[in-house]
Structures are given as C-alpha cells and as structure tokens.
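Coordinate analysis (summary)
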Amino acid sequence: MSVRRLPLNANLGPLAALHAACFADAWDARALADLLAIPGTFAISSDDGFILARATADEAEILTLAVTPTARRHGLGRALVTEAASQAQQSGAAAMFLEVALDNAAARALYTSLGFAEAGRRKGYYARPGSSPEDALILRSNLPLSPLGKTTPSG
Ligand SMILES: CC(C)(COP(=O)(O)OP(=O)(O)OC[C@H]1O[C@@H](n2cnc3c(N)ncnc32)[C@H](O)[C@@H]1OP(=O)(O)O)[C@@H](O)C(=O)NCCC(=O)NCCS
C-alpha cells in the first residue's frame, strides 16, 4: 500500500475532491491549505485517499481521514493512519487523538483495530440536518500504535 507525505507545494485539488467524495461537509482546497499552514500539520496521501494530522509537542491529532468509496476495504485507511502515527511519533508525539461520530461504524472499527480506545465524548457534536445531532467519541492511542492481534516481542 503506497502512501507518501504530501509535498509542501502540492496541488490540493485532488485532496479536496477526495474529501468531497467522503463528507457532506467537504473541505475545499483553500480550507485544506489553511489547515496545512498551521505548524505541525501534515498530509499523507495516495491517489485514493489521504489523512491530515497535526503533531504539536508530545501530542498528535488526526484532523481528517478520507478513502474514496471505490477503494475501501483494501487496507488504505489503515496504511494512512499507521504512517501518520509513525511520522507524528518521529516528531516527538507520544499519543494520538481523534474525533469520530458514534454512528461511523467503519471508522470506529478501523481505529479500534489499530488500538485506539475511547477517552471521552462530546454530546451532540455533529449536526445532522433532518435528524438529531450525533455524539463525537474522542479516541486516543499511545504511540507507537499497538494494533489489536499483534503481540509485542518480549525477551
Ligand atoms: C473509515 C475509512 C477511512 C476506512 O478506510 P478503508 O481504506 O476502507 O479502511 P481499511 O481497508 O484500511 O480497513 C481497515 C479495517 O477497518 C475496519 N473497517 C473498515 N471499513 C469497515 C466497514 N465498512 N465495516 C466494518 N469494519 C470496517 C476493518 O476492521 C478493516 O479491516 P479488514 O478489512 O481486514 O476487516 C473509509 O471508510 C472512509 O473514508 N469513510 C468516510 C470518511 C470517514 O468516515 N473518515 C473517518 C472520519 S473519523
């Protein structure tokens, strides 16, 4: 699974298109550029998905993660989170956080498989036009990640 850090001068149009394919409340290229201008913010991408994360002092945060619908369930989401966690750790982060909607079963399963666990909850955080707002779960993992099912070498 080939993912790479996005160069500073990259065209953000393809990332904005990926975001629009994944979220109703999509971030355009300008919004992505504004986020990437904040110190510690970086993107890891492939043709079919990307992750935006920020590492500040000893903590890191996933800002968004998007895999285009036709490319899902082939390991790209896991590869993007794993690479972002690795790069955040290299920048000095010891823990990683993110927010995910309570009803986002796919993303929750992905993060749980990578060892993230619930650290808090924001009631009614996500507005849902036509229905009641959904809670956000705050998930946290130490770095390096400890994916479920992987044993730590001992001795
Ligand atoms: C969440 C998302 C990034 C996952 O990307 P992906 O490339 O399909 O994920 P992967 O193929 O790496 O899946 C890794 C694991 O996550 C879990 N998973 C992923 N999608 C799942 C689904 N639809 N249902 C259940 N488990 C799922 C599985 O454990 C999977 O491992 P497996 O395929 O070996 O069973 C993708 O569905 C997406 O872009 N969704 C819309 C945007 C979004 O919700 N972003 C996250 C916001 S916090």
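Residues numbered from 1 in each chain as written. Predicted model: local features only at pLDDT ≥ 70, side-chain atom pairs only at ≥ 80, totals over all residues. Heavy atoms only, no water.

Take helix α3 (residues 76-90) next. In a regular helix each residue adds 1.5 Å, so 15 residues correspond to 21 Å; α3 covers 21 Å between its end C-alpha atoms and thus fits that length. Those residues of α3 lying buried are L76, G77, A79, L80, V81, A84, A85, Q87 and A88. Where α3 is buried, its residues contact β1 (4-5), β2 (41-46), β3 (49-56), β4 (59-67), β5 (95-101) and α4 (105-113). G92 sits one or two residues past α3 and shows a positive phi near 110°. (Helix = DSSP H or I, 4+ residues; strand = E, 2+ residues; numbered from the N terminus. Expected span 1.5 Å × (residues − 1). Buried < 20%, exposed > 50% of the residue type's maximum accessible area, 1.4 Å probe, protein only. Contact = heavy atoms within 4.5 Å.)

Here the focus is the packing of aromatic side chains. In total, this model carries two aromatic pairs according to the counting rule given. Ring geometry for Y111 and F116: centres 5.6 Å apart, planes at 70°, overall edge-to-face. Residue Y111 is classed as buried on the basis of its relative accessible area, which comes to 5%. Where Y125 meets Y126, the ring centres are 5.1 Å apart and the plane angle is 90°; that geometry is what we call edge-to-face. (Phe/Tyr/Trp six-rings, centres within 6.5 Å; stacked < 30°, edge-to-face > 60°.)

This part covers the site of the ligand. The immediate surroundings of the ligand are formed by 19 residues, with R73, G75, G77, R78 and N104 found nearest. Between R73 and the ligand, the recorded distance is 2.8 Å, taken from a backbone N or O atom to an oxygen atom. Between the ligand and R78 there is a distance of 2.8 Å, counted from an oxygen atom to a backbone nitrogen or oxygen. When the free accessible area of the ligand is taken as 920 Å², the share hidden by the protein chains comes to 76%. Of the residues forming the shell around the ligand, the biggest block, five residues, is contributed by α4. In terms of residue class, the shell around the ligand is made up of 11 nonpolar, four polar and four charged. (Near = heavy atom within 4 Å. Polar contact = N/O pair within 3.5 Å; in protein donor to acceptor, adjacent residues only side chain to side chain. Areas by Shrake-Rupley, 256 points an atom, 1.4 Å probe, with all protein chains shown as cover. Nonpolar A, V, L, I, M, F, W, Y, C, P; charged D, E, K, R; others polar.)

The subject of this paragraph is the pairing of strand β7 (residues 131-142). Where β5 lies against β7, seven bridges are found, and the strand directions are antiparallel. Bridge pairing in β7 places A101 opposite A136. As judged from the seven bridges shared by strand β6 (residues 117-128) and β7, these two strands associate in the antiparallel manner. Residue pairing in the sheet places G120 in a bridge with I138 of β7. Counting the residues in the hairpin turn of β6 and β7 gives two residues, including G130, whose phi is positive at 90°. (Pairing = 2+ DSSP bridges.)

Ordered by their spatial adjacency, seven strands build an open sheet running β1-β2-β3-β4-β5-β7-β6, and the pairing between neighbours is mixed. Where the open sheet ends on each side, the last strands, each with one partner, are β1 and β6. In the packing of helix α2 (residues 29-36) onto the sheet, contacts are made with β2 and β3, and the angle to β3 comes to roughly 30°. Together, β4, β5 and β7 form the strand contacts of α4, whose direction differs from that of β5 by roughly 160°. (Axes fitted to C-alpha atoms, helices over the stretch in contact; angles between N-to-C directions.)

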